[in-house]
Amino acid sequence: MVKKLAVILIVGCFVSCEPTPVFSPYKYNTNPVYTKAYAEFFGNYYAKDSIPSSVFTVTLLSDGLTFSNGIVTGKGQKLYLENVFANPTDTILPAGTYSVSTKGNSFSFYPGSTTVIDNQSYTLGAYIDYRESDASRNKIKLISKGSFTVSYENGIMNLQSNMVTSDSTKITGTYSGKPTYIHRGY
């Protein structure tokens, strides 16, 4: 009797147990088409640090994102490139290929990083910000390697990115249009 009861309990446990679900990894868009671009010019911002280059920040937004009063809303991808360095005399981001570097040389940009100041975490340098329909899927990935190329044709900027995030995800993307320039020269 005890054996039958034990067998029934064991079989009951197996029948009533639900298998552990297996979830495939969430897929983020790794080749976005950007529809809006903002380029901020800061002049020779790092002159006191012996970096003679002009400094820009470039923000690219995919369809579905809006930018107002410094705030990005909606869903899509935002590629943020902070500390983009060009020739000292440039006030508009010049054509060329820009590569990740921490040296501040012309035609380079800083990689993504995080820093903590007063118990607040800040993202610096280059990163891609995924804004998803399900906010729990929003993610920021730091750019650690790669480059982007800028060219101009009839006043239209063409930008093509080829980058790698710190988790080894390859990110490409394109923009074609007239960027909004913001002059914050020092």
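Since this is a predicted model, take the numbers as computed values, not measurements.

Caption draft 1: Inspection of the pairing of strand E1 (residues 33–41) at higher detail. Where E1 meets strand E13 (residues 170–177), 2 bridges bridge the pair, whose relative direction is parallel. Among the inter-strand pairings, Tyr34 is bridged to a residue of E13, identified as Tyr175. For E1 and strand E2 (residues 54–62), the ladder comprises 7 bridges, and the chain directions are antiparallel. In the sheet register, Glu40 faces E2, and the bridge partner there is Thr57. Where E1 meets strand E14 (residues 180–183), 4 bridges bridge the pair, whose relative direction is parallel. Residue pairing for E14: Ala39 is matched across the bridge by Tyr181.

Caption draft 2: Seen up close, unusual backbone geometry. A positive phi angle is found at Asn83, which is not glycine, with a value near 60°. Structurally, the position occupied by Asn83 is in strand E5 (residues 76–86). Phi is positive for Asn119, close to 65°, though the residue is something other than glycine. Relative to the helices and strands, Asn119 is located in the loop between strand E8 (113–117) and strand E9 (120–124). Owing to a relative accessible area of 74%, Asn119 belongs among the exposed residues under this scheme.

Caption draft 3: Spotlight on the side chain of Asp90. If you trace the backbone, Asp90 turns up in the loop between E5 and strand E6 (96–100). Notably, Asp90 is buried but unbridged: the nearest opposite-charge side chain belongs to Arg184, and the N-O separation is 18 Å. With residues up to four places along the chain from it excluded, the contact list for Asp90 reads Phe41, Ser54 and Phe56.

Caption draft 4: Local environment of the packing of aromatic side chains. Within this structure, the stated rule accounts for 11 aromatic pairs. With a centroid separation of 4.7 Å and an interplanar angle of 45°, the aromatic rings of Tyr38 and Phe67 are classed as tilted. On the criterion of sequence distance, the pair formed by Tyr38 in strand E1 and Phe67 in strand E3 (residues 65–68) is long-range, its members being 29 residues apart. The class for Tyr38 is buried, based on a relative accessible area of 15%. Taking the centre distance of 5.0 Å and the plane angle of 90° together, the rings of Tyr45 and Tyr46 count as edge-to-face. Assessed through its relative accessible area of 16%, Tyr46 is described here as buried.

Caption draft 5: Molecular detail of the pairing of E5. Counting buried residues in E5 gives 11 out of 11 residues, a clear majority hidden from the surface. The pairing of E2 with E5 spans 7 bridges and is antiparallel. Residue pairing across strands places Val58 opposite Leu81, the latter belonging to E5. Across 5 bridges, E5 lies against strand E10 (residues 127–131) in antiparallel orientation. Each residue of the ladder has a partner; that of Gly76, found in E10, is Arg131. Bridge count between E5 and strand E7 (residues 108–109): 2 bridges; the pairing is antiparallel. Of the residues in E7, the one forming a bridge with Phe85 is Ser108.

Caption draft 6: Structural context of the pattern of salt bridges. A complete count under the given rule lists 3 salt bridges for this structure. Note that Glu40 and Arg184 form a salt bridge whose closest N and O atoms lie 2.5 Å from each other. You can see Glu40 sitting in strand E1 and its partner Arg184 sitting in the segment after E14, a full 144 residues away along the chain. Classification of Glu40 as buried rests on a relative accessible area of 16%. The class of Arg184 is partly exposed, set by a relative accessible area of 40%. Between Arg131 and Asp129 there is a salt bridge, and its shortest N-O distance comes to 2.9 Å. The class of Asp129 is buried, set by a relative accessible area of 6%.

Calculation rules
- Residues numbered from 1 in each chain as written.
- Predicted model: local features only at pLDDT ≥ 70, side-chain atom pairs only at ≥ 80, totals over all residues.
- Heavy atoms only, no water.
- Pairing = 2+ DSSP bridges.
- Helix = DSSP H or I, 4+ residues; strand = E, 2+ residues; numbered from the N terminus.
- Buried < 20%, exposed > 50% of the residue type's maximum accessible area, 1.4 Å probe, protein only.
- Lys, Arg positive; Asp, Glu negative; His and termini not counted.
- Salt bridge = Lys/Arg side-chain N within 4 Å of Asp/Glu carboxyl O.
- Contact = heavy atoms within 4.5 Å.
- Phe/Tyr/Trp six-rings, centres within 6.5 Å; stacked < 30°, edge-to-face > 60°.

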